[in-house]
Amino acid sequence: EVQLQASGGGLVQAGGSLTLSCAASGFTDDEYAVGWFRRPPGKEREGVSCILGSDGSTLYTDIAKGRFTISHDKAKEMVTLQMNSLTPEDTAVYYCAVDLWTLRGHRCLVEDFGVWGQGTQVTVSS
């Protein structure tokens, strides 16, 4: 069974950086995607960035482009999200999730991801 645990959240000042980690294990093959999503206060979940287990291809939403970097260390079973130039608008609970569906191409969309971790709080002060 796939298991996920997000960590690394905290309080950071605007303009600062933060690295989130997702311990992801239990995969039986490489046909999956791991994604970072977030839920700002009072808002719905939104995609941030995703990475494919098959070839390491990355997907970035407009939120992340130019500021965030996703990476996957398979040996350590860890997916990280390096976040730079943070703003108060980045304040949210950040979740890592897994898309195990293999009958379609992987996308970085909330509705495609069925396995979710607990989430970690990121707060950016002004």
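Everything numeric in this text was worked out from a predicted model, so none of it was measured.

Rules used in this analysis
- Residues numbered from 1 in each chain as written.
- Predicted model: local features only at pLDDT ≥ 70, side-chain atom pairs only at ≥ 80, totals over all residues.
- Heavy atoms only, no water.
- Phe/Tyr/Trp six-rings, centres within 6.5 Å; stacked < 30°, edge-to-face > 60°.
- Helix = DSSP H or I, 4+ residues; strand = E, 2+ residues; numbered from the N terminus.
- Buried < 20%, exposed > 50% of the residue type's maximum accessible area, 1.4 Å probe, protein only.
- Lys NZ or Arg CZ within 6 Å of the ring centre and 35° of its normal.
- Pairing = 2+ DSSP bridges.
- Axes fitted to C-alpha atoms, helices over the stretch in contact; angles between N-to-C directions.
- Contact = heavy atoms within 4.5 Å.

1. Here's the deal with the packing of aromatic side chains
Part 1 of the argument: For the structure shown, the criterion picks out four aromatic pairs.
Part 2 of the argument: An angle of 80° between the planes, with centres 6.1 Å apart, marks the rings of Y95 and W116 as edge-to-face. Pair noted here: Y95 is in strand β9 (residues 92-99) and W116 is in strand β10 (residues 115-116), with a separation of 21 residues, a long-range link.
Part 3 of the argument: Y95 sits in the buried class, given a relative accessible area of 18%.
Part 4 of the argument: Look at W116 and you get partly exposed, because its relative accessible area is 26%.
Part 5 of the argument: The rings of F37, Y95, F113 and W116 are connected pair by pair, giving a single aromatic cluster.
Part 6 of the argument: Above the plane of the ring of W116 lies R45, whose end atom (NZ or CZ) is 4.5 Å from the centre.

2. Considering the pairing of strand β11 (residues 120-125)
Side-chain direction in a regular strand flips from residue to residue, so the side chains alternate between the two faces of the sheet.
Part 1 of the argument: Judged by which residues are buried, β11 turns out to be one-sided: T120, V122 and V124 face inward and are buried, whereas Q121, T123 and S125, on the alternate face, are not.
Part 2 of the argument: In terms of strand pairing, strand β2 (residues 11-13) meets β11 through three bridges, oriented parallel. Looking at the pairing, L11 lines up with T123 of β11.
Part 3 of the argument: By the bridge criterion, three bridges tie β9 to β11 in an arrangement that is antiparallel. Of the residues in β11, the one forming a bridge with V93 is Q121.

3. Regarding the sheet that holds strand β8 (residues 78-83)
Part 1 of the argument: Strand order in the open sheet formed by four strands is β1-β3-β8-β7, and the pairing between neighbours is antiparallel. A strand with exactly one partner marks an edge of an open sheet, and here the two such strands are β1 (3-7) and β7 (68-73). Neighbour to neighbour, the strand axes of the sheet diverge by 15° on average, direction disregarded.
Part 2 of the argument: Pairing analysis gives six bridges linking strand β3 (residues 18-25) to β8, with the strands arranged antiparallel. Following the sheet pairing, A23 is matched in β8 by M78.

4. Comments concerning the environment of V110
Part 1 of the argument: Note on placement: V110 falls in the loop between β9 and β10.
Part 2 of the argument: Once residues within four sequence positions are removed from consideration, V110 is found in contact with F37, R45, E46, G47 and W116.

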